[in-house]
Structures are given as structure tokens and as C-alpha cells.
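Commentary on secondary and tertiary structure
The lines below spell out each chain.
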Amino acid sequence: NGSMLNYASPELCSDREVVLAAIEKYSLALLNASPQLRADREVVLAAVSKGGTALASASLELQADKEVVRVAVKNDVAALGFASHELQADKDFREDLLAAIRASRIWLGSLSAELRADREVVLAAVAHR
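What to know about the packing of helix α2 (residues 16-25) against helix α4 (residues 41-50)
For the pair α2 and α4, interaxial distance at closest approach is 9 Å and the crossing angle is 10°. The angle between the axes of α2 and α4 places the two elements in the roughly parallel class. Residue-level inspection shows R16, V19, L20, I23 and E24 of α2 in contact with α4, the latter providing E42, V43, A46, A47 and K50.

As C-alpha cells, then:
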């Protein structure tokens, strides 16, 4: 059970193989991984591909990584709320963001204040409801 990583020693929470095995069962096990592994792109991609909201436990750098965020959002649009503010405001990323919102039933409260104040984002979200 991946949630058991919560009770593992710091050494095991830094063990890549152990953390990847835990993530395979429970994507949010990333929360208990060492900071080094929460900054490991492969480990984070494994987690967000299982559960998009695992993005919340990723390093700030990976919360700003377009590919990582795309994978997370594809899995769970609520992951948008954990993407960096810079990425949420990125014009190139905007179409991906709007497509994800249109394709899902996103709760506006999970988005950043900037996105909740964005007319186009709110229209996309309410039109889907």
C-alpha cells in the first residue's frame, strides 16, 4: 500500500525504487518522498500520471514544467490549481488550459485567484456545467 510510505524512514523515503513502488499503488505517496525525489522529473511524472493532484507535492520547478502539468491535468483537471502561477498565465499554455476546463467539470475554487478572475476561464467552466 503506497500510503504506508508515510511511516517509512527518511532513508527509504529517499529511495527511488521504494518511492516509485509506493506511487504505483498510491500517487499521493509523492507527498512523503524526499525533496530530491519530489524534484525528480521521472518520479513526478509517474505520480501525476496516476493521480494529477500529486502535482501539489512536486517541486516548484516541476509545477512550472509544461509537460508535467499537461500530464497531471490530463489525469485530473483539478491539478491546474497546483500549476505555477507563471504557467497558468503563460499565453502558450492558455489553449491547453482552456481545453482542459472545457472538457471537464472543474471546480473553480481549485484554480488560482488569477484564473478565477479571468473572464474566458470562468465562461469556459460555467458553459460546461
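Some remarks on α2
The set of residues buried in α2 consists of V19, A22 and I23. Viewed end-on, α2 has its buried residues packed into an arc of 100°, placing them on one side of the element. Residues of α2 that are exposed and point more than 90 degrees away from the buried face comprise E17 and K25. Tucked into the core, α2 has its buried residues touching α1 (10-13), α3 (35-38) and α4.

As for the side chain of S84
Its place among the elements puts S84 in the loop between α6 (66-75) and α7 (85-89). Looking at S84, its side chain comes within polar contact range of the main-chain nitrogen of L87, at 3.0 Å. Other than its neighbours up to four places away in sequence, S84 contacts Q63 and A64.

Section: the nonpolar core
Nonpolar side chains tend toward joint burial in soluble globular proteins. Membership of the largest hydrophobic core comes to 38 residues, with the highest contact counts inside it found for L30, V48, L55, L80, L97 and I101. With residues near it in sequence (within four places) discarded, L30 still touches I23, L37, R38, V43, V44, A47, A54, S57 and A58.

Calculation rules
- Residues numbered from 1 in each chain as written.
- Predicted model: local features only at pLDDT ≥ 70, side-chain atom pairs only at ≥ 80, totals over all residues.
- Heavy atoms only, no water.
- Axes fitted to C-alpha atoms, helices over the stretch in contact; angles between N-to-C directions.
- Helix = DSSP H or I, 4+ residues; strand = E, 2+ residues; numbered from the N terminus.
- Parallel < 35°, antiparallel > 145°, perpendicular 65-115°, else oblique.
- Contact = heavy atoms within 4.5 Å.
- Buried < 20%, exposed > 50% of the residue type's maximum accessible area, 1.4 Å probe, protein only.
- Arc of directions from axis to C-beta.
- Polar contact = N/O pair within 3.5 Å; in protein donor to acceptor, adjacent residues only side chain to side chain.
- Core = buried A, V, L, I, M, F, W, Y, C linked by side-chain atoms within 4.5 Å.

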